[in-house]
Amino acid sequence: MKLSSACIATAVAIGLMTAAGVSAFGQTGQISQSFDANQQIFNGPESVELRPGAAETLKNIVGQAQQTSGHCPVDVDLLVLASQSDQLFSEALAYARVDAIKAVLQSLGPSVTVNGKGQAALANMVSISAKTGNRDNESPKLSVDWTPDKGKKVKPGQRITAKAVARDDANRFQTGISEIEFLKFPEMTPFGFHQWPQRPMRCEDAPPAHRAEAVYVVPDNPPLIVRLGVNAKDFANHSTMDLATFPTGDWEGVLDWELETNVTPTRTSSGVKSKRSGHTNLVLKQKPDGTVTGSLLGDQIVDHWWGYAGNEQYCHWKTNRPNEVRATLDGAYEQSRGYPMFTASNMVARIEEHLVDSRKCMSSTNQSDVSQELIAMLPALVHRLQKHPNGYYEARLDMPGGSVEGHYVLRLRRVEE
């Protein structure tokens, strides 16, 4: 037996009335209630005018939802069922009654949002559910005072202080700051943590700001660049991060590359489609005589397809994690250029790719080594460095085209004490 939509709507409404009774709280700040539309809310079977006292009854439901939450916003779900001999008239009556009730509830102010639905049914009912809503859609504001300043040179044993102020005060509906965490990257290990309890949500004013402070001590054997961060989170689980880097040398820079190889396959000769990208940081320490020594450290990833046209035979490999790139750097400062000339040695840039898709592929892994490529490219980039108005040096080498396209980019800057 197939039930009509009117029967289903009536059954739902009766279920709501049974569950709600006269006044049923599902949770703190939430109430649901159902009424006989003709006997308790409206003046008669076809009326859209409210009975005396009905407006106050409806407003009271919102008031009960707000009683534990002050001036917080309230979301109201409204369902009106109408039963008349003509279905079209029933639907029109139901929606007209929805509009009448919405006008009453929306007169309570912008903090009340009403979602209403009208429907033809086998009964005349009004079901209303009101609950305090979460209107915290904004991330916290975070300001951090770093000592020394971001980007300054640090030494082993030096103290780096982070003083944070977090605010969640975009409006009075914000939930407030729950925690501030101080982190060392890339390990994500904390060097400070502060947490606060949530105050009662009354939405009468914006939550207060919270302050926290932590100190990080540079280890005896520091990384090339000390990377720290402060994360502030509110009770709606929105967060804001402030990041800071502190080089451990006199010069710092980055070497990046993006390369793409395309060799068109045929039925008788294999082709290649490969993308390789890498990112490394470099730090140089300059001695009084002008010589520089340092290190380069980073990683690269590869997506590599080899095969024949029509996919009769092919192998698709990828690096399942970034592959490490590292090298030793040596050189000397050149007064005429304003920066050090340097080269790389002891380069490690091996690539190990793993099979992700294939047909008649003969190998589950593919290995290569681009150490010599990077060793050769670095001096060419260093030689082309040009100074920008903001103080850093930059060089770019573009591949000439053909089967291999892409570029290498080197940036270098002197680190302030």
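These numbers were taken from a predicted model, which means no experiment stands behind them. (Residues numbered from 1 in each chain as written. Predicted model: local features only at pLDDT ≥ 70, side-chain atom pairs only at ≥ 80, totals over all residues. Heavy atoms only, no water.)

Before going further, it helps to examine the packing of aromatic side chains. Counted under the stated rule, the structure contains seven aromatic pairs. Pairing W306 with Y308 gives two aromatic rings, centres 5.6 Å apart and planes at 75°, and the pair type is edge-to-face. Taking 5.0 Å as the distance between ring centres and 55° as the angle between the ring planes, the aromatic pair formed by Y339 and Y393 counts as tilted. Taken together, the positions of Y339 in strand β17 (residues 339-348) and Y393 in strand β21 (residues 393-398) put the pair 54 residues apart, joining distant regions of the chain. Judged by its relative accessible area of 2%, Y339 falls in the buried class. (Phe/Tyr/Trp six-rings, centres within 6.5 Å; stacked < 30°, edge-to-face > 60°. Helix = DSSP H or I, 4+ residues; strand = E, 2+ residues; numbered from the N terminus. Buried < 20%, exposed > 50% of the residue type's maximum accessible area, 1.4 Å probe, protein only.)

Because side chains alternate across strand β5 (residues 141-147), one face comprises the buried residues L142, V144 and W146, and the other comprises K141, S143, D145 and T147, none of which is buried. As paired elements, β5 and strand β6 (residues 159-167) share seven bridges and run antiparallel to each other. Its bridge partner lying in β6, D145 is registered against K163. (Pairing = 2+ DSSP bridges.)

Next up on the list: helix α3 (residues 54-66). The end-to-end C-alpha distance of α3, which contains 13 residues, comes to 19 Å, matching closely the 18 Å that a straight helix rising 1.5 Å per residue would cover. Taken together, the buried positions of α3 are A54, L58, I61, V62, Q64, A65 and Q66. Those residues of α3 that are buried lie in contact with β1 (30-36), α2 (37-41), β2 (74-82), α4 (87-106), β3 (112-120) and β4 (125-132). (Expected span 1.5 Å × (residues − 1). Contact = heavy atoms within 4.5 Å.)

Time to look at the state of the cysteines. Scanning all chains against the criterion turns up one disulfide. Each sulfur of the disulfide joining C315 and C361 lies 2.0 Å from the other. Judged by the torsion about the S-S bond (110°), the C315/C361 disulfide is right-handed. One end of the pair, C315, is in strand β15 (residues 314-318); the other, C361, is in the loop between β18 (350-359) and β19 (365-369), with 46 residues separating them in the sequence. (Disulfide = S-S within 2.5 Å.)

This next bit is on the packing of α3 against α4. Contact pair α3 / α4: the axes reach a minimum separation of 9 Å and the direction vectors enclose 60°. By the angle class used here, α3 and α4 are oblique. Two packed elements cross with a definite hand, and for α3 against α4 that hand is right-handed. Of the residues in α4, those touching α3 at A55, L58, K59 and V62 are I101, V104 and L105. Residue composition of the contact of α3 with α4, by class: six nonpolar, no polar and one charged. (Axes fitted to C-alpha atoms, helices over the stretch in contact; angles between N-to-C directions. Parallel < 35°, antiparallel > 145°, perpendicular 65-115°, else oblique. Left-handed = near helix turned anticlockwise from the far one by under 90°. Nonpolar A, V, L, I, M, F, W, Y, C, P; charged D, E, K, R; others polar.)

Bringing the sheet that holds strand β7 (residues 177-185) into the picture now. Read across the open sheet, the four strands follow the order β8-β7-β10-β11; overall the sheet is antiparallel. Two strands in the sheet have a free side with no partner beyond their single neighbour: β8 (189-195) and β11 (239-247). If you compare each strand with its neighbour and ignore which way they point, the axes differ by 15° on average. Relative to strand β10 (residues 225-234), β7 runs antiparallel, the two being bridged by eight bridges. Bridged to E179 within β10 is K233.

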